[in-house]
Structure formats: structure tokens, C-alpha cells
Amino acid sequence: MNVLVINCGSSSLKYQLIESASEAVLAKGLCERIGIDGRLVYQKAGLDKEITEAAMPTHKEAIQMVLDALHNPESGAVADLSEIGAVGHRVVHGGEKFSGSVVLTDEVLKEIEACNDLAPLHNPANLIGIRACRELMPGVPMVGVFDTAFHQTMPKKAYLYGLPYEYYEKYKVRRYGFHGTSHSFVSKRLIQFLNLDASASKVIVAHLGNGASISAVLNGECVDTSMGLTPLEGLVMGTRSGDIDPAIMEFIAKKENLDITGVMNVLNKKSGVEGLSGVSSDFRDLEKAYNEGNERAVYACEVFAYRVAKYIGSYVAAMNGVDAIAFTAGIGENTSFIREKILAYLGYLGITMDEEANQVRGEEKVISTPDSRVTVCVIPTNEELAICRETVALV
Ligand code: ADP
């Protein structure tokens, strides 16, 4: 079956058409600047990228353009749209309602909408994409795959904040975690790759991308993760602060004359390694500056790696041990000097890194030595493929 995977943001939309039996990507691309002007990038497997500038006032026009590109006579991936058997949608927040993927019905859409205030930037955009798709592809089954679902197995002691309990009861203020599709995909693949017994396994997944999070996966189930009510908590990220003393918010608000929205903007968009370094949020730029001896870039990388190492330590405590650790996402898969810095803190776990193996980029590999007491791997993530698999399983 051909599955169209859609990841819809407020002004952009990424898509892939995947043939589920072979798991081959038939075509992929994105729509950008939706509601502004509009730009479609389309690439059929084996061919060059095609870029089309065209008006996309709403997501409906954007999705229509994707469908037109997918079956255009010259470079289309299918001869007819009826060859698309199902659509899998990424949905950011499923609250406590969704602990797994779900076939999208009118009822389910209402329930997703009820989670909107937990992810006001993301869920409404996801819903717009789903509704536009349902309108343009009537009768085609659609599935929602949630970023939060994999983490719903966390025990209460891991997801409750030290806040008045009534906030949890009234508003569902608790830790949810994100990147769940990636943590699920990578933890399962790690267990398979290393031939571990899934029912007796302790693994840690470090998803280090622009957004970054870590999870502790015990016997195949998530027991803790570093992101919280929102994706701001946890690691130091590209532009997000991660964990800070909450009192800093009032302090900075007074000093800089900012309101709460202004402070949140700083924590989400002006902090992290970009805010620290003043160089970039991109680790390719940071690595260059680091190698040139730029002092602030050096601190930024040190702070980033130190925070990851501290989280790994805390998850070893949470699971009373660890069998294997996986690095994934843009930084985790490609940036060997950051992996090296993180692993340098973990000698107490009996971890030794294989320097040559650690030079790997973007492919599955064990990067610890054979005598390392914990096996460390690079496992590339593939959220689109994970969404495709979930979709096929449900339709
Ligand atoms: P997101 O999906 O959250 O935008 P990614 O997983 O794409 O993030 O990760 C982006 C980060 O990965 C950037 O900091 C970038 O520098 C880093 N990255 C991606 N590819 C490479 C590469 N080939 N070499 C070094 N760093 C890379």
C-alpha cells in the first residue's frame, strides 16, 4: 500500500509517499510559506528536486499541489490518486487521551482539538492539515500518530510536577514528553540491532536535533523523558533553554522589562546553544567556531554535552542500570565530537568509546569498544517510516 505521510506545521508541510511493503520512499518534499506566498518542493525518487512557486493561501491549496505533483504525468510517483491507500498524520499533542495511534474520525478530531491548549502552536496546524486532506481525499483512511503517545507509559512519579495537585486535576499540567515517534522507533531498532531481550532491556535514547530530548526505555516501555508539558523542558537545545530555575523568568522580566510572552519568546527562540554562543543554533557552525577556539562556542558545546550526560546518569538511576544507549537525530547521528564529549562523562558506567567507529555519520553502528560494559550505538531515526508503519497497522 502507498501511504502518504504528512507533517503539518503552521506555515509549512512536509510529506513523503512510502510504499509500505518495501518501505521505499516514492516521493517526498515540502510546502513552505503557506499563507504568505507559497513554495512547493517535490522530489520523485531518483530524480532531481522540482521547485514551484505558487500561491498557497491555506493548507488546502498546499495539499492540493502536493497531490497534483504526486500524480502529474511527467514526474508523478503514482498514475492515479486512487493508488494512495492511506494517509498518516503527525500530531504533536495527544494529551492523556491518546496512548497510541488512532484512525481519524470526526469524534477523534474533536478529542485532538480538546488538546489544543496544551500545544497551541502545533495542534491547530496539525488539525488544519488533517481536515484539508479529508476534504481532498474523501474515503481514504487516515491515521493520527502522536508525538506524546509513546511516553504515556511513564509512571506518575515521573510525570507529576512538584506543583499543587489541583493543577494536574483541573488543567492536566504534567510532563508529557515529545519526539515519541522517534524514541519508539529508535529504542525498538536498538533492541533489535543488538539482539537484546525486549522484555528485559534497559535502554536510553538521546534524540539530539534542533529540538532535543532523552528517554529511558525499560522493557520496551518509556519510563521517563526529558521534555515536559511542552518541548521547552530538559536538554539545552538549538534555541531553547531546557531546564532553568523558574525564578529566572521573573528576574529577567523585571530587568529587561518583558511580559510573560516576551520571556517565553527568549526561552524558546533566543536561548540554547545559539543564545549561549552568539554564533548559531546549528552544530555545523558551532563545530567550526569551536575548532577556531571561539570561547562562547566552546562553552555552548560544553553546556550541551554536560546536560546530556547528566540526564543519562539520572536515567541509569531511574532504571537501576542500562544495557545500551542510542544517539539519534541530526546531532546524534552526525556530530562525533559532541558524542565523544558526552561519552567522556560515562566512564563510571564502564563505557569506552571506539574512536574510529565514532567517526560514523548517519548510519547504524556500534561506537563503543567490544569490552565496553554498556553498548553505545548510532541509530538513525526515521519518523516518517514510523508513521507509515503505524498507519498500515491500523488500516
Ligand atoms: P530538527 O528535526 O529538530 O529540526 P534535526 O534532527 O534535523 O533537527 O537536527 C538539526 C541539527 O543537526 C543541527 O544542529 C545540525 O547542525 C545538525 N546536523 C544535521 N546534519 C548534520 C551533519 N551532516 N553534520 C553535522 N551536524 C548536522
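Refer to the structure above for everything that follows.
Summarised in this report is the structure supplied together with it. (Residues numbered from 1 in each chain as written. Predicted model: local features only at pLDDT ≥ 70, side-chain atom pairs only at ≥ 80, totals over all residues. Heavy atoms only, no water.)

Taken across its five residues, strand 8 (residues 142–146) has five buried, putting it largely inside the fold. Judged by which residues are buried, strand 8 turns out to be covered on both faces: Met142, Gly144 and Phe146 on one side and Val143 and Val145 on the other are all buried. Direction of pairing for strand 6 (residues 84–91) relative to strand 8: parallel, over a ladder of five bridges. Looking at the pairing, Arg90 lines up with Val145 of strand 8. As paired strands, strand 7 (residues 102–103) and strand 8 are joined by two bridges and run antiparallel to one another. Within strand 8, the position partnered with Val102 by the bridge is Gly144. (Buried < 20%, exposed > 50% of the residue type's maximum accessible area, 1.4 Å probe, protein only. Helix = DSSP H or I, 4+ residues; strand = E, 2+ residues; numbered from the N terminus. Pairing = 2+ DSSP bridges.)

Adjacent strands of a sheet form backbone hydrogen bonds with each other and so pair up, either parallel or antiparallel. Pairing in this open sheet of eight strands is mixed, and the strands run 5-4-3-2-1-6-8-7 from one edge to the other. Each edge of the open sheet is held by one strand with a lone partner, namely strand 5 (50–53) and strand 7. Sheet analysis places strand 1 (residues 2–8) next to strand 6, joined by five bridges and oriented parallel. Each bridged residue has a counterpart across the sheet, and for Val5 the counterpart in strand 6 is Gly88.

Two elements in contact, helix 6 (residues 180–193) and helix 14 (residues 383–394), have axes separated by 9 Å at closest approach and are oriented at 85°. Accordingly, the angle class assigned to the pair helix 6 and helix 14 is roughly perpendicular. Residues Thr181, Ser182 and Phe185 of helix 6 touch helix 14, and the partners they reach there are Glu383, Leu385, Ala386, Ile387 and Arg389. In terms of residue class, the contact of helix 6 with helix 14 is made up of four nonpolar, two polar and two charged. (Axes fitted to C-alpha atoms, helices over the stretch in contact; angles between N-to-C directions. Parallel < 35°, antiparallel > 145°, perpendicular 65-115°, else oblique. Contact = heavy atoms within 4.5 Å. Nonpolar A, V, L, I, M, F, W, Y, C, P; charged D, E, K, R; others polar.)

Three- or four-residue spacings in an α-helix give side chains the same orientation, since the helix completes a turn every 3.6 residues. Its 14 residues give helix 6 an end-to-end C-alpha distance of 19 Å, which sits within 8% of 20 Å, the value for a rise of 1.5 Å per residue. Taken across its 14 residues, helix 6 has 10 buried, putting it largely inside the fold. By the burial criterion, the buried members of helix 6 are Gly180, Thr181, Ser182, His183, Ser184, Phe185, Val186, Ser187, Leu190 and Ile191. Following helix 6 by one or two positions, Asn195 adopts a phi angle in the positive range, close to 60°. (Expected span 1.5 Å × (residues − 1).)

Any link to function would need more than the numbers given here.
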